[in-house]
Protein chains: 2
Amino acid sequence: MKVAIGGIDGYIGWALAIHLVRKGHTVSGIDSLITRKRVEEVGSWSATPILEPKARVMAAEEIFGSRIEYVEGDLTDYDTVESFLEATKPDAFVHLAEQRSAPYSMIDVRHAVETQVTNITSSLNLVYAIRARCPGIHLVKMGTMGEYGTPAIDIPEGFFEIEYHGRRDRLPFPRMAGSWYHWSKVHDSGNMMFANKIWGLQITDVMQGVVYGTRTPDITDERLLTRFDFDETWGTALNRFCAQSVLGIPMTVYGKGGQTRGYISLADSVQCLRIAIENPPKKGEYRVLNQFDESYSVRTLARLVFDVAKIKGLEPSIANVSNPRVEEEEHYYNPAHESLTKLGYRKTRTLEAELGTIMDDLKRYRQRLQAKREVILPRTDWREPENLLR
Amino acid sequence: MKVAIGGIDGYIGWALAIHLVRKGHTVSGIDSLITRKRVEEVGSWSATPILEPKARVMAAEEIFGSRIEYVEGDLTDYDTVESFLEATKPDAFVHLAEQRSAPYSMIDVRHAVETQVTNITSSLNLVYAIRARCPGIHLVKMGTMGEYGTPAIDIPEGFFEIEYHGRRDRLPFPRMAGSWYHWSKVHDSGNMMFANKIWGLQITDVMQGVVYGTRTPDITDERLLTRFDFDETWGTALNRFCAQSVLGIPMTVYGKGGQTRGYISLADSVQCLRIAIENPPKKGEYRVLNQFDESYSVRTLARLVFDVAKIKGLEPSIANVSNPRVEEEEHYYNPAHESLTKLGYRKTRTLEAELGTIMDDLKRYRQRLQAKREVILPRTDWREPENLLR
């Protein structure tokens, strides 16, 4: 199949591109490189040394013998989106080209507005351009499990059938996100559902859990490495814990640590996305997939990282710090995630095994962590946004 | 109380301003005058001749002896919002300053993006500026009943308690809006709920039905008239039916005409808003009020307009035209609306009586309708957005 990737230079985008190439798909991609700039803005960089886009595309061609078409461009510009679709004529478009950091969106009003405006604009541009140029293609839109929040009831995959005052209906599951970033994904989901309703666009909306890992089986050469963020803005809790353990500083568990989320490895995330692409929804269907393997609380994660770090000869420790976020710290959490399994997805990674690989990699890039150790501790406070001059 | 109104030059904004002044409140307001420009953009104007903002403020001062502070400014600029709050120091801020037309948002991708971006930006700017400058004030945010869509179950006021898989929770009611505009209000509601959660802002989110009417008891002089839109982009179905009957052209009922919505008169809308302002929610509460009186189907409205037009000596007729929108044309509709009544709201207008007043007014401004009769028929199609050059 011909697959186009929005955000091909990103953590998942690049890993997906080389995975699809190895599976025989034809891949093109577009990226504005803004994540590289935004990570620089907060004083950080990727723990893994990553090549410039053109160099990684050349490396992939040399290694796999397949050319990935890469274009630098910004999906918030409508004409760019139309031209890209016109030039690439894909069967599926995977939209990973959004601002993806919750803390970044919480820095101040400028970052809040920038996050919501750019994310919504790129998605609206995409559905309009698809409708205008290639209405029959399959749009795979990256959302997040964080859209649902942490309700006291089970979380279905997108929709649920309920009875209320003696009548029944199948409705979108209520969303209760935890940051402006997560809300931007909720807004997108509403917009995608509506684009499907009015134009019959074929859309898979992926509610993805937290992704971890430095490696996929497709990263057979250091030149193919994808980025790995570990700072408080761009790295997830798990990444930060690994980086902290490698640096010999305490893992910073926010609050009570009962915050529970769904997790999936990078290798299995790109497997899931490939399965979603190869098994599109029916014509005119809007499909929601919950994409994660297992749920863990933050304190369980810290414990797991602690144990693996010990085995790896490190000296891990755990510190409870006050929670800069506003979130439930002990809660019920039971989201469904059967659809991808029904489509053929099988988990290939355990968190424990993957933690070992991450730590081996980070030990090798220890100097890169060390150079940016001051950006690992929390500094974006959900309750106290900093002033506009930050 | 000191009340600030965002969008004070608008249909409801201006009527609310003079209502509050007459009830002894101190009123200030801000407006970018963009609705005037956008109505001009589609080739239309207000059926009622309205004064320029400074002239209407002077007329109100002359008539009521109270000065309304008016500032021209755009809430999508953060510094403007902060300066306005700093200068006016209100007890309550009523946010009516959003793009409010569903068809306008459906014209093409530019209008879709403009609608969602400007609406979301103004609301985010407001909550950040309130938090920075006056976190204790009451924000009254105008939303729409259209956020809920037309589910097959009862619609509560914002939240509902449900049982699912044997567990219970109180959750936001699922939203299923019918245009990019309506979705922008859904996005706002999510953002308002979150601003309340992280900062404890005191917010009333008003889910308002369709507002009708040319008059309130406060419009005691023609210089105090508020705008009244009748074109396909800015006028509601009811407004268009009245204009069409006065012009002697058929009322255009879209599709089967079973589309049912909640309605409220302009006089009672501003009464409700005053009651919400005078009875704020508890400190730290996010409150949702469904603000409408009665539900009517479009075909019932057409029938009511027909009957009143006959009495007024007009020659009304009804034409069913193909529906340019994508919506259920026959559906269940039963939204709750008890909260405002509990706060003291009493309906003072019937639709039938108000229709007579609207038609008397429109007969007087018949020349203004006649001059713009070509913009009454539908031309924005939900399924077929026009090209970018429109």
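The structure displayed is predicted, hence computed values, not measured ones. Along each chain, numbering runs from 1 in the same order as the chain's sequence is written. To label them, take the chains in the order written and letter them from A, then take the ligands in the order written and number them from 1. Residue-level local features of this predicted model are given only where pLDDT is at least 70; pairs of side-chain atoms are given and counted only at 80 or more, and the full residue set underlies all totals for whole chains, interfaces and linings.

Moving on, we get to the overall build of chain A. When helices and strands are counted, chain A shows 13 helices and 14 strands. Each radius of gyration reported is based on C-alpha atoms, and the globular scaling rule is 2.2 Å times the count of residues to the power 0.38. For 390 residues, the compact-globule estimate of 2.2 N^0.38 gives 21 Å, and the C-alpha radius of gyration of chain A, at 20 Å, lies within 12% of that figure. For chain A, the C-alpha atoms occupy an extent of roughly 60 × 55 × 45 Å along the three principal directions. Partly exposed residues are those falling between the two cut-offs: more than 12 but fewer than 20 other C-beta atoms within 10 Å of their own, whereas 20 or more means buried and 12 or fewer means exposed, with C-beta atoms placed from the backbone. Counting every position in chain A, which comprises 390 residues, the buried fraction comes to 57%. When contacts within chain A are restricted to residue pairs at least 6 apart in sequence, long-range pairs at least 24 apart make up 83% of them. Per the convention used, a helix needs a DSSP run of H or I reaching at least four residues, while a strand needs a run of E reaching at least two, with both numbered from the N terminus. Contact between two residues is assigned whenever their backbone-derived C-beta positions fall within 7 Å.

On to unusual backbone geometry, then. Of note, histidine 165 of chain A is a non-glycine position whose phi angle comes to about 50°, a positive value. Inspection of the secondary structure assignment puts histidine 165 of chain A in the loop between β6 (159-164) and β7 (167-172).

The next thing to look at is the nonpolar core. The term nonpolar core means buried Ala, Val, Leu, Ile, Met, Phe, Trp, Tyr and Cys residues held together as one set by C-beta atoms within 7 Å. Counting residues in hydrophobic clusters, the biggest one holds 234 residues, and the most contacted among them are Ala17, Val94 and Cys242 of chain A together with Ala17, Val94 and Cys242 of chain B. Sequence-distant contacts of cysteine 242 of chain A, that is, excluding residues within four places in its chain, are made with Val305, Leu355, Ile358, Met359 and Leu362 of chain A.

All names here are of chain B. Following both chains from N to C, one finds helix α1 (residues 11-22) and helix α9 (residues 266-278) inclined at 60°, their axes separated by 9 Å at the closest point. In this structure, the crossing between α1 and α9 has a hand that is right-handed. Between α1, through Ile12, Ala15, Leu16, His19 and Leu20, and α9, the contact on the second element is made entirely by Leu266, Ser269, Val270, Leu273 and Arg274. Lys, Arg, Asp and Glu make up the charged group, whereas Ala, Val, Leu, Ile, Met, Phe, Trp, Tyr, Cys and Pro make up the nonpolar group; the residues left over, Gly among them, are polar. Its residues assigned to classes, the contact of α1 with α9 comprises seven nonpolar, two polar and one charged. A fitted line through C-alpha atoms serves as each axis, taken over the contacting stretch for helices, and the angle formed by two N-to-C directions is quoted from 0 to 180°. In this scheme, a crossing is called left-handed if the near helix is turned counterclockwise away from the far one by less than a right angle; it is called right-handed if the turn is clockwise.

Copy-to-copy superposition: least squares on the C-alpha atoms, limited to residues that have pLDDT of at least 70 in both copies. Take chain B, turn it by 180°, move it 0.0 Å along the axis, and it overlays chain A with an RMSD of 0.0 Å. Those values place the two copies in the arrangement expected of a two-fold rotation axis. Most of the interface of chain B is mirrored in chain A, where 98% of its interface residues are also at the interface.

Residue and element names in this part refer to chain A. Judged by pairing direction, the sheet is mixed, and its three strands sit side by side in the order β9-β11-β13 without closing on themselves. Sheet topology places β9 (210-212) and β13 (294-297) at the edges, where each strand pairs with a single neighbour. Sheet twist, expressed as the mean angle between neighbouring strand axes with direction ignored, is 45°. At least two bridges found by DSSP between two strands is the condition for calling them paired. Inspection of the sheet shows strand β11 (residues 260-265) paired to β13 by four bridges, in the antiparallel sense. Looking at β13, one finds that glycine 262 is bridged to serine 295.

Now for the pairing of β7 of chain A. Residue and element names in this part refer to chain A. Across six bridges, the pairing between β6 and β7 is antiparallel. Among the inter-strand pairings, phenylalanine 159 is bridged to a residue of β7, identified as proline 172. Counting the residues in the hairpin turn of β6 and β7 gives two residues, including histidine 165, whose phi is positive at 50°.

To continue, consider the packing of helix α6 (residues 109-133) of chain B against helix α7 (residues 180-199) of chain B. Two quantities define a packed helix pair, namely the angle between the helix axes and the distance between the axes. All names here are of chain B. As a packed pair, α6 and α7 sit with axes 9 Å apart at the nearest point and diverge in direction by 20°. Taken together, α6 and α7 sit at an angle that is classed as roughly parallel. Helix-helix and strand crossings are classified by hand; for α6 and α7 the assignment is right-handed. Across from Ala112, Thr115, Gln116, Asn119, Ile120, Ser123, Leu124, Val127 and Arg131 in α6, the residues of α7 making contact are Trp180, Tyr181, Ser184, His187, Asp188, Asn191, Met192, Ala195 and Trp199. Taken together, the residues of the contact of α6 with α7 break down into nine nonpolar, seven polar and two charged. The cut-offs work like this: below 35 degrees is roughly parallel, past 145 is roughly antiparallel, 65 to 115 is roughly perpendicular, and the gaps in between are oblique.

Attention now goes to α1 of chain B. Residue and element names in this part refer to chain B. In this model, α1 (12 residues) spans 17 Å end to end at C-alpha, consistent with the 16 Å of a helix rising 1.5 Å per residue. Of all 12 residues in α1, 11 are buried, a share of seventy percent or more. The complete set of buried residues in α1 reads Tyr11, Ile12, Gly13, Trp14, Ala15, Leu16, Ala17, Ile18, His19, Leu20 and Val21. Close packing links the buried residues of α1 with β1 (2-6), β2 (26-31), α3 (53-64), β4 (92-95), β9 (210-212) and α9. Phi for glycine 24, located one or two positions after α1, is positive at around 90°. In this scheme, a helix's expected span is set at 1.5 Å multiplied by one less than its residue total.

Before going further, it helps to examine the interface of chain B and chain A. The interface is formed by 41 residues belonging to chain B together with 40 residues belonging to chain A. Elements with a contribution of two residues or more to the side of chain B that touches chain A: α6, β6 (159-164), β7 (167-172) and α7 of chain B. For the side of chain B that touches chain A, the per-class residue count stands at 27 nonpolar, seven polar and seven charged.

Take the environment of glycine 235 of chain A next. Residue and element names in this part refer to chain A. Within the secondary structure, glycine 235 sits in the loop between β9 and α8 (237-247). Note on glycine 235: 23 C-beta atoms within 10 Å, which makes it buried. Distance from glycine 235 to leucine 20, taken between C-alpha atoms, is 25 Å for residues 215 residues apart in sequence. Look past the residues within four positions of glycine 235 in its chain and what remains in contact with it is Asp229, Phe230, Arg240 and Ala243.

A few words on the sheet that holds strand β1 (residues 2-6) of chain A. Residues and elements named next belong to chain A. If you trace the seven strands from one edge of the open sheet to the other, you get β3-β2-β1-β4-β5-β8-β12, paired in parallel fashion. Of all strands in the sheet, those bounded by a partner on one side alone are β3 (69-72) and β12 (286-291). Pairwise comparison of adjacent strand axes, ignoring direction, gives a mean angle of 20° for this sheet. Against the sheet, helix α1 (residues 11-22) engages β1, β2 (26-31) and β4 (92-95), with an angle of about 165° to β2.

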